[in-house]
Amino acid sequence: MAAASAPTSATAPTEHDCLAGFEEALQKESRKATFTCAGRLPINLNPNLTPSGDLTPRTDLKVHEQTLSTKPIRIRWGANGAGKTLSLPLQDPSDEGLLQDLIAACHPATSGRGGQDILDPTYRRAGALRPADFMTDFCPYESGILDILYKLNVYSGPGEVFRPHVDTPRNATQIGSLVVCLPVAFSGGELVVRHQGQEIIHDWGRINNNNANIIAPAAAAAAAEPPAINWTAFYSDCAHEVLPLHTGHRLTLTYNLFLSHGTGLSTFPISSPIV
Ligand SMILES: O=C(O)CCC(=O)C(=O)O
Ligand SMILES: [Fe+2]
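Residues numbered from 1 in each chain as written. Chains lettered and ligands numbered in written order. Predicted model: local features only at pLDDT ≥ 70, side-chain atom pairs only at ≥ 80, totals over all residues. Heavy atoms only, no water.

A. Representation of the overall build of the chain. Along the backbone of the chain there are five helices and 18 strands. Per-residue burial over the chain gives 37% buried out of 275 residues. Looking at the chain alone, contacts between residues at least 24 apart form 74% of all its contacts between residues at least 6 apart. Accessible surface, the chain: about 15,300 Å² in total, of which carbon and sulfur atoms supply 57%. (Helix = DSSP H or I, 4+ residues; strand = E, 2+ residues; numbered from the N terminus. Buried < 20%, exposed > 50% of the residue type's maximum accessible area, 1.4 Å probe, protein only. Contact = heavy atoms within 4.5 Å. Areas by Shrake-Rupley, 256 points an atom, 1.4 Å probe, with all protein chains shown as cover.)

Put into structure tokens, the structure is as follows:
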């Protein structure tokens, strides 16, 4: 009996065919893959603080067991001796002036184009503070999110905006961006994140803090939804934009996300992140 013949070279897939099939399969998968994640972090207006002002320390184990929350967020800015501190959410009507002071302290925000920071209000109309000009005690690491703090952004209504863009990576280890939206009332200003024909819209103004800037602890405790931080993270290749603000002020902290030792994901040497 004749032996079964081996596939001839005419019918056997070539290396090129295999690679093309592999590429097609990967592309299909990457279309289905998660490209962004998001979360909401309730603000505990009466947190249990350590003497140094931190939340009660957590072990890794506890982080997985607990519902995470954050203490109110403080932002400090201004020259030595003339510094100001704003706590969000506002808990007293007299603090509304401080929010206005912070907005006034911001400079017109630039955007990165061709490796340069460009000031173009038709592309981005918003205020910003550089990391050297403010401090915050919001700690994404403590809150279960990973970070390198990059900027405070303020968009005011009506009309401030950031047109579609991809963030300029600070170095080769940057894998994404994290946007944290602070508890101040606004409408419009949806953050739209896009990847390979998919789109996620974060309408944080609609759900932000019952549309009130000032929330007394008692009212917050009684409310069905306590004031909260909203956040989202996405990979560096995602285009995103902030749609025009309608009303109020939208304050965000943006962070660059870097690969670090120990994730097992990096095949190249990791240098210090540039902020
Ligand atoms: O404020 C936001 O939601 C996004 C800001 C942003 O995209 C950026 O600073 O690159
Ligand atoms: Fe961006």
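B. Up close: the sheet that holds strand S17 (residues 239-242). One open sheet accounts for five strands, arranged S7-S11-S17-S14-S15; its pairing is antiparallel. The sheet terminates laterally at strand S7 (124-125) and strand S15 (198-202), the two strands that pair on one side only. Sheet topology note: the strand S14 (residues 191-195)/S17 ladder contains four bridges and is antiparallel. In the strand pairing of S17, valine 193 is matched with histidine 240. (Pairing = 2+ DSSP bridges.)

C. Highlighting the side chain of histidine 240. Inspection of the secondary structure puts histidine 240 in strand S17. Judged by relative accessible area, which is 5%, histidine 240 ranks as buried. Within the structure, the side chain of histidine 240 is placed 3.1 Å from the backbone oxygen of cysteine 238, a separation counted as a polar contact. Non-local contacts of histidine 240, meaning those with residues more than four positions away in its chain, are made with Arg163, Pro164, His165, Val166, Asp167, Leu191, Val192, Val193 and Phe234. (Polar contact = N/O pair within 3.5 Å; in protein donor to acceptor, adjacent residues only side chain to side chain.)

D. Looking closely at the pairing of strand S10 (residues 149-156). Of all eight residues that make up S10, seven are buried, and the element is covered over most of its length. By the bridge criterion, three bridges tie strand S8 (residues 127-129) to S10 in an arrangement that is antiparallel. Residue pairing across strands places glycine 127 opposite valine 154, the latter belonging to S10. Bridge count between S10 and strand S18 (residues 245-258): seven bridges; the pairing is antiparallel. Across the sheet, residue leucine 152 finds its bridge partner in S18, namely leucine 253.

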